[in-house]
Amino acid sequence: DALAKFVQRLPALFGYSVDGNLEPTLNFYIEALGDKSEALNLLTQNPVLFGVSLEKRLKPRLEEARIAGLDIDAGCLSRIGKYTNKQWIASVDFQTRQLPPEQ
């Protein structure tokens with residue numbers, strides 16, 4: 001049942017390479033979150049994240065988020081993958097204004 005819902009959300013998954021796309025993307029989320037089950041949950045809920053470029057979007061935005069001092073959690077990683085450039089920039093700007101000043 002869960003697999004059927006997963007495939008219904010993104011049928012293009014059948015065309016993705018396991019070695020070239022699915023596995024590297026899964027590993028990216030596992031490493032970023034530090035928790036395999038949390039990464040699997042994020043990707044199960046948002047299979048569209050498998051369709052996002054690892055090199056052009058995910059890795060650069062994760063680096064931007066880390067430099068900005070943002071908490072790297074499932075919400076942040078979802079925004080990294082789903083937001084347009086304009087939305088991403090606005091999100092980082094908003095979140096960095098919410099951070100307490102460094103002492």
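What comes next is a walk through the structure. (Residues numbered from 1 in each chain as written. Predicted model: local features only at pLDDT ≥ 70, side-chain atom pairs only at ≥ 80, totals over all residues. Heavy atoms only, no water.)

**So, the pattern of salt bridges**
Our working rule: Criterion for a salt bridge: a side-chain nitrogen of Lys or Arg within 4 Å of a carboxyl oxygen of Asp or Glu. Counting from the N terminus, the helices are DSSP H or I runs at least four residues long and the strands are E runs at least two residues long. Think of it in three bands: residues with accessible area under 20% of the maximum for their type are buried, residues over 50% are exposed, and the middle band is partly exposed, with areas taken using a 1.4 Å probe on protein chains only.
Counted according to the given criterion, the structure contains two salt bridges. For Glu-55, the salt bridge is made with Lys-59, and the minimal N-O distance between the two is 2.8 Å. Here Lys-59 and Glu-55 lie together in helix α4 (residues 54–68), a separation of four residues that amounts to about one turn. Taking relative accessible area as the criterion, Glu-55 reaches 53% and is therefore assigned exposed. Taking the shortest distance from any N to any O, the salt bridge between Arg-97 and Asp-93 comes out at 3.2 Å.

**Focus on the side chain of Gln-95**
Using the following cut-off: The contact criterion used is simple: two residues touch if any of their non-hydrogen atoms lie within 4.5 Å.
Along the chain, Gln-95 turns up in helix α6 (residues 85–98). The exposure class assigned to Gln-95 is buried, which follows from its relative accessible area of 19%. In contact with Gln-95, not counting residues within four places along its chain, are Leu-70 and Arg-79.

**A look at the packing of helix α2 (residues 18–33) against helix α3 (residues 36–45)**
For clarity, the cut-off: Comment: axis = line fitted to C-alpha atoms, over the contacting stretch for helices; angle = value between 0 and 180 degrees taken between N-to-C directions. An angle counts as roughly parallel when it lies under 35 degrees, as roughly antiparallel when it exceeds 145, as roughly perpendicular when it falls between 65 and 115, and as oblique in every other case. For any pair of crossing helices, the crossing counts as left-handed if the nearer helix is rotated counterclockwise from the farther one by less than a right angle, and right-handed if it is rotated clockwise. Here the nonpolar group is Ala, Val, Leu, Ile, Met, Phe, Trp, Tyr, Cys and Pro; Asp, Glu, Lys and Arg are the charged ones; every other residue, Gly included, is treated as polar.
Following both chains from N to C, one finds α2 and α3 inclined at 125°, their axes separated by 8 Å at the closest point. By the angle between their directions, the pair α2 and α3 is classed as oblique. When the axes of α2 and α3 are compared, the crossing they make is right-handed. Judged by residue contacts, Leu-26, Tyr-29, Ile-30 and Leu-33 of α2 engage Lys-36, Glu-38, Ala-39, Leu-40, Leu-42 and Leu-43 from α3. Its residues assigned to classes, the contact of α2 with α3 comprises eight nonpolar, no polar and two charged.

**Brief notes about α4**
For clarity, the threshold we go by: One less than the number of residues in a helix, times 1.5 Å, gives the span that helix is expected to have. As used in this structure description, the phrase polar contact means that two N or O atoms lie within 3.5 Å; if the pair is within protein, one of them must be able to donate a hydrogen and the other to accept it, and residues adjacent in sequence are counted only when both atoms belong to side chains.
Helix length check: α4 (15 residues) gives 20 Å between terminal C-alpha atoms against 21 Å at 1.5 Å per residue, within 8%. In this structure, the buried residues of α4 make contact with α2, α5 (74–82) and α6. Looking at where α4 begins, the residue whose side-chain oxygen comes 2.9 Å from the main-chain nitrogen of Lys-56 is Ser-53. Where α4 terminates, the next one or two residues include Gly-69, which has phi positive at roughly 80°.

**Points about the environment of Ser-37**
Its location among the elements puts Ser-37 in helix α3. On the basis of relative accessibility, which here comes to 53%, the residue Ser-37 falls in the exposed class. At 2.8 Å, the side chain of Ser-37 and the side chain of Asp-35 are in polar contact.

**With respect to the nonpolar core**
Cut-off, in case you're wondering: As used here, the term nonpolar core means buried Ala, Val, Leu, Ile, Met, Phe, Trp, Tyr and Cys residues forming a set that is joined through side-chain atoms within 4.5 Å.
Residues Phe-28, Tyr-29, Leu-58, Leu-77 and Ile-80 are the most contacted members of the largest nonpolar core, which totals 23 residues. Put simply, the parts of the chain that give this core at least two residues each are α2, α3, α4, α5 and α6. Here this core takes seven residues from α2, the largest share from any one element. Leaving out residues up to four positions away in the same chain, Phe-28 has contacts with Leu-54, Leu-58, Lys-59, Leu-62 and Leu-77.

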